[in-house]
Amino acid sequence: MMKKRSISASKASLVLFLCQMISALDVPLDLSQPPTITQQSPKDYIVDPRENIVIQCEAKGKPPPSFSWTRNGTHFDIDKDAQVTMKPNSGTLVINIMNGGKAEAYEGVYQCTARNERGAAISNNIVIRPSRSPLWTKEKLEPNQVREGDSLVLHCRPPVGLPPPIIFWMDNAFQRLPQSERVSQGLNGDLYFSNVQPEDTREDYICYARFNHTQTIQQKQPISVKVFSMDSLNDTIAANLSDTDIYGAKPVTERQPILLTPTGSTSTKVELRGNVLLLECIAAGLPTPVIRWIKEGGELPVNRTFFENFKKTLKIIDVSEADSGNYKCIARNMLGSVHHVISVTVKAAPYWITAPRNLVLSPGEDGTLICRANGNPKPNISWFANGVPIAIAPEDPSRKVDGDTIIFSHVQERSSAVYQCNASNEYGYLLANAFVNVLAEPPRVLTPANKLYQVIADSPALLDCAYFGSPKPEIEWFKGVKGSILRGNEYVFHDNGTLEIPVAQKDSTGTYTCVARNELGKVQNEVRLEVKDPTMIIKQPEYKVIQRYGQVSFECIIKHDSTLLPTVIWLKDNDELPDDERFLVGKDNLTIVNVTDKDDGTYTCIVNTTLDSVSASAVLTVVARPNPPFDLELTGQLERSVELSWIPGDENNSPIKNFVIEYEDGLHEPGVWHYQTEVPGTQTTVQLKLSPYVNYSFRVIAVNEIGRSQPSEPSEQYLTKSANPDENPSNVQGIGSEPDNLVITWESLKGFQSNGPGLQYKVSWRQKDVDDEWTSVIVANVSKYIVSGTPTFVPYEIKVQALNDLGYAPEPSEVIGHSGEDLPMVAPGNVQVHVINSTLAKVHWDPVPLKTVRGHLQGYKVYYWKVQSLSRRSRRHVEKKILTFRGNKTFGMLPGLEPYSSYKLNVRVVNGKGEGPASPDKVFKTPEGVPSSPSFLKITNPTLDSLTLEWGSPTHPNGVLTSYILKFQPINNTHELGPLVEIRIPANESSLILKNLNYSTRYKFYFNAQTSVGSGSQITEEAVTIMDEVQPLYPRIRNVTTAAAETYANISWEYEGPDHANFYVEYGVAGSKEDWKKEIVNGSRSFFVLKGLTPGTAYKVRVGAEGLSGFRSSEDVFETGPAMASRQIDIATQGWFIGLMCAVALLILILLIVCFIRRNKGGKYPVKEKEDAHADPEIQPMKEDDGTFGEYSDAEDHKPLKKGSRTPSDRTVKKEDSDDSLVDYGEGVNGQFNEDGSFIGQYSGKKEKEPAEGNESSEAPSPVNAMNSFV
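The following paragraphs examine the structure supplied in this document.

So, how was this worked out
Residues numbered from 1 in each chain as written. Predicted model: local features only at pLDDT ≥ 70, side-chain atom pairs only at ≥ 80, totals over all residues. Heavy atoms only, no water. Helix = DSSP H or I, 4+ residues; strand = E, 2+ residues; numbered from the N terminus. Buried < 20%, exposed > 50% of the residue type's maximum accessible area, 1.4 Å probe, protein only. Contact = heavy atoms within 4.5 Å. Salt bridge = Lys/Arg side-chain N within 4 Å of Asp/Glu carboxyl O. Core = buried A, V, L, I, M, F, W, Y, C linked by side-chain atoms within 4.5 Å. Pairing = 2+ DSSP bridges. Disulfide = S-S within 2.5 Å. Axes fitted to C-alpha atoms, helices over the stretch in contact; angles between N-to-C directions.

Some words on the overall build of the protein
Okay, so step 1: Counting its secondary structure elements, the protein contains seven helices and 95 strands.
Okay, so step 2: Relative to its full complement of 1271 residues, the protein shows a buried share of 42%.
Okay, so step 3: Pairs at least 24 apart in sequence give 64% of the contacts found in the protein among residues at least 6 apart.

Below is the structure:
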């Protein structure tokens, strides 16, 4: 599915160089040389009669040549024709048609001659013909009336134009007429009908001829065709003939093929070598014949054979003599065949075998001109010298003509001339100019110096050394400036001077020198070669299968020479990517999103550099759910079966696995589709079983690997006839809901199971084992019937039979049911309990008589509960447990009991109605068991040789504790355990001091409790005795205090231990299980500010020291202040607020007047005393009653303290504390904590106090405050 190709640019260069190798040496234009024709018009030159005629003739030479023309073999004097001009320095003629000239006047054969002192070159004979696009000749076209099934040919007969026109058929709406195997256009332009059909009737069959040279289209008159069908003919005949006449046209009869073109059984065809061979066979017949082509005695050429026009035309391109032979076309239908043989002969206009080449000789040298051509028939060769037949040209003693060769010997400068070779036969001619130029010139190298060649490694390198000299120089190559001459098989030396390195390697890189020498001198030239690494695709795109609307990506990862700049192009099916934003081209990939079916195809990644090109392709297959089937058809309709067929939809590149057939019952459940059956994906018909009295519609769903298709359109409906029911209701049961009834239930038949209208049920019952008659009742289409007045829990025989308006279903089978149950009457007796161990007991009981159960015996339930623990003598809430033992079981195990406890239990019988009475409570006790592990073990107060152990008693003693067992052993630095010591401790102890231990030693302790039964599970712990030093074993962090505001808190602590400790603070929300957040303290400070806290939240905090393993302070808890309430509206725009502010302003004005009067009377404010009192808030005295800061007030006014000055005992600072003043200083001081924990006191006159909602003081403002507020 993947292909890769690589094209090296150097290979393309190789082709160019090889072309240069076979050409003669070009003479530099600065040297004398005969003329050479470089450009001329084509031999058969058809011109547009409405435009100027340009006949080209360009030539080079030294000195520059002059030009002359002949027309129809005689000299054409352009100076005498005002309409004709020759371009300057050129031989090109311009005939002015657009200013009054007529193209027809200039028809003819033109030939150009270019001449200088060294010879004359001539052009081909150029035949000038104006193009023609004549009108259609008028003709009367009769309508074509043809019988259905007959053949028909509509003739076009276009006017003869130059060149011949292109023919096509259209209608009046300029729409091309559709063509097919039945209707097609022949090579001559006629429209052929193998057989006509009624839909061919129309009046606008129009043939058009397009003349490309004049850009005109000619239209033939419309042709009318009327096809008579057999039905219409029969109707016409029936209307015009009597009953006794023979009427009734023959029906459309099938006919074996006959050829419409070519006629007969054989024909001939001549084609020229190199042209396109077109052979045609069009046949009539019904059914439409199929055409097949063969070559007698051979095979049709591969890669050059094509079939066109629905295989009616055989096309072979670039024919050669080997394609001559007999070609047979065979037209075949089911009734027979016909054939035609076309004998093809391939002729050939002359073509070159060896064209003469320019010859540069030095005086005294010899040379030859060779002119060899072939053709069919073989062409004649004739020579000319400077445009004159060589037989009558001036003699040259150095020249000798020998058939197709001219031999020159010991030439002199006067031997320079231009020779023409003409090869001709009846199908055309060839004319070639070749000059002989006699020069004496030293060598010269025409390739630019230091030219750089770049090739890809392992590809050919071609280094050019274009040269000229006369005599012809010899060429030698050297690598490097002073290297040795290059020889050997690794190099190829071409006649044109080119050095070829067939397989260039990296070490081929370097400078190469070519030396050209002849007897007149020597010259050299240097070129440089660089060999590059090849471009490679190291990760190629891979075959992908993707679902519709998915996303797919193709990779194209490349490796290239670092000095080359690659470009990557993606193609789809060898064409440009669609202009669609879904195609995303990345650096090394192509991604397609929302893939659709149109994206299916081959994707090619092409990587180009200036030297090479590589590509890789991969196929994308887009798969999807299949399209729904269509054209559903019902056939073979019977009462109980029908055949359904369909046409599958497109499988969307994923084979259809199966088809699911569903049906709808339009009579009973319209709109509801049910599963009918399914068939394999290769099957398109199925025989379906049907039920009576159902109005069926069917639909088909196709399923492939991707999923299910949409359902098909429903089929036509098919209503089956009514019949008796085929089956009875299922799942018939008889279960009483009350002690005195019997509820008979069943599953009703579905609509299509009724088989007819009037569905009902006959319900029958009788008591089992009693000689009773059946009691029956017919009920409507329901699913339940209740029989009342039955004895309690009595077996009944029951049957339910379906019936409809046409009769009963087959006799139903009987089922056994029971009337309703009642609660059991007696309790189990002789209940016994056998205690197996401290957690398991076995209970036994006697079964109750079945008659007393009064229902289906479902089992027995044992209720048991713990009364009390014998070890604690404490009662608790009674939690009853229930164990159910199914069936007629008379014993059971009671697991999960608690040791050393008192239990009670009772037993009850259970039926479908419920539980019977309980048996008398039975008391039993469980024995002692082993205790659980002690609830905790703490080791405290480490000293040099002792440790204190404290523990808690087991949560579940499971008996009477007799003692505790303590085992311990030392652990050394390598974690090896020392000898184990065991101590037995009385059960009433809860602590122990272990003495005589080793100092600075780690011990491991094992601790468990015992009862008389044995030891319980143990708890372990480790501890270390302290070292023999005065300093404590570890440093300490103590007295952690917090002062919190709304969003931050100041943390401080005391540290005892080594200097230069690095502290950190850990904190988190109190009560949360989230991990602690950690903040590093810079330096050795003993305080830290936590920021970004949530207002009104309780936090836990602790302080630790880095580097001290596991060492940190105990936890402290604090709470941030509540958040300030935000204002929801701008009160400054409220009317009441504006009025209030006016009143306040008036009051302030009055107070100012009063203050002014009081100040004039000598009133003072003790500011100095207040400054002294508030200089350092940290050393203010604390009041003993409530812990608030002491505060001085105005001795004259005796202002009360604000509530916000209190600090709660839990060290939190509430919102009003942090925002309002802590103390009133001159009635206007704000006191609050900074982020560094310091207290700030301010004069009210230094800073305005913002009014805070809900925090206003109850005291009156001072005049100073009032002034500041007013301002």
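There's more to say after this.
Observations concerning the pattern of salt bridges
Okay, so step 1: A complete count under the given rule lists 37 salt bridges for this structure.
Okay, so step 2: Glu107 is the partner of Arg132 in a salt bridge, and the nearest nitrogen-oxygen pair spans 3.0 Å. Taken as a pair, Arg132 in the loop between β12 (126–130) and β13 (144–147) and Glu107 in the loop between β9 (93–95) and β10 (108–116) lie far apart in primary sequence, 25 residues in all.
Okay, so step 3: Since its relative accessible area comes to 27%, Glu107 is described here as partly exposed.
Okay, so step 4: Here the residues in one salt-bridge network are Asp171, Arg202 and Asp204, joined through shared partners.

Things to note about the nonpolar core
Okay, so step 1: Formed by 29 residues in total, the largest nonpolar core has its most connected members in Ile53, Ile55, Trp69, Ile95 and Tyr110.
Okay, so step 2: Counting residues per element, this core draws most heavily on β10, at three residues.
Okay, so step 3: Apart from the residues within four sequence positions on either side, Ile95 is in contact with Asn52, Ile53, Ile55, Gln83, Val84, Tyr106 and Tyr110.
Okay, so step 4: Listed in part, the 20 residues of the second largest apolar core include Val642, Leu644, Val679 and Phe698.

Concerning the environment of Val84
Okay, so step 1: Within the fold, Val84 resides in strand β8 (residues 84–86).
Okay, so step 2: Spatially, the C-alpha atoms of Val84 and Asn96 are 6.3 Å apart, while their sequence positions differ by twelve residues.
Okay, so step 3: For Val84, the residues in contact, after removing those within four places along its chain, are Phe76, Ile78, Leu93, Val94, Ile95 and Tyr106.

So, the side chain of Thr313
Okay, so step 1: In this structure, Thr313 sits in strand β27 (residues 313–316).
Okay, so step 2: With a relative accessible area of 2%, Thr313 lands in the buried category.
Okay, so step 3: Thr313 has contacts with Leu187, Leu278, Leu279, Glu280, Trp293, Phe306, Phe307 and Glu308, leaving out every residue within four places of it along the chain.

Quick word on the sheet that holds strand β38 (residues 428–438)
Sheets are built from strands paired through backbone hydrogen bonds, the pairs being either parallel or antiparallel.
Okay, so step 1: Pairing in this open sheet of five strands is mixed, and the strands run β30-β38-β37-β33-β34 from one edge to the other. Unpaired on one side and paired on the other, β30 (359–361) and β34 (388–389) mark the two borders of the sheet.
Okay, so step 2: Relative to β34, strand β33 (residues 380–385) runs antiparallel, the two sharing two bridges. Paired with Phe384 across the strands is Pro389, a residue of β34.

Brief notes about the state of the cysteines
Okay, so step 1: Within this structure, the stated rule accounts for six disulfides.
Okay, so step 2: Two residues, Cys57 and Cys112, share a disulfide whose sulfurs are 2.0 Å apart. Between Cys57 and Cys112, the disulfide has an S-S torsion of -70° and is therefore left-handed. In this pair, Cys57 sits in strand β5 (residues 57–62) while Cys112 sits in strand β10, placing the two residues 55 residues apart along the sequence. Assigned by exposure class, Cys57 and Cys112 land together as buried.
Okay, so step 3: Across the disulfide from Cys556 sits Cys605; the S-S distance is 1.9 Å. A torsion of -65° about the S-S bond marks the disulfide between Cys556 and Cys605 as left-handed. Within this pair, whereas Cys556 is found in the loop between β50 (552–555) and β51 (557–559), its partner Cys605 is found in strand β56 (residues 601–608), the two being separated by 49 residues in sequence.

With respect to the sheet that holds strand β92 (residues 1098–1105)
Okay, so step 1: Judged by pairing direction, the sheet is antiparallel, and its four strands sit side by side in the order β90-β89-β92-β93 without closing on themselves. What marks the edges here is a single partner per strand, and that holds for β90 (1077–1080) and β93 (1116–1119). Here the strands of the sheet are splayed against their neighbours by 30° on average, with no regard to which way each runs.
Okay, so step 2: Bridge count for strand β89 (residues 1063–1069) against β90 is four bridges, and the pairing is antiparallel. Counterpart to Glu1066 in the pairing with β90 is Lys1078.

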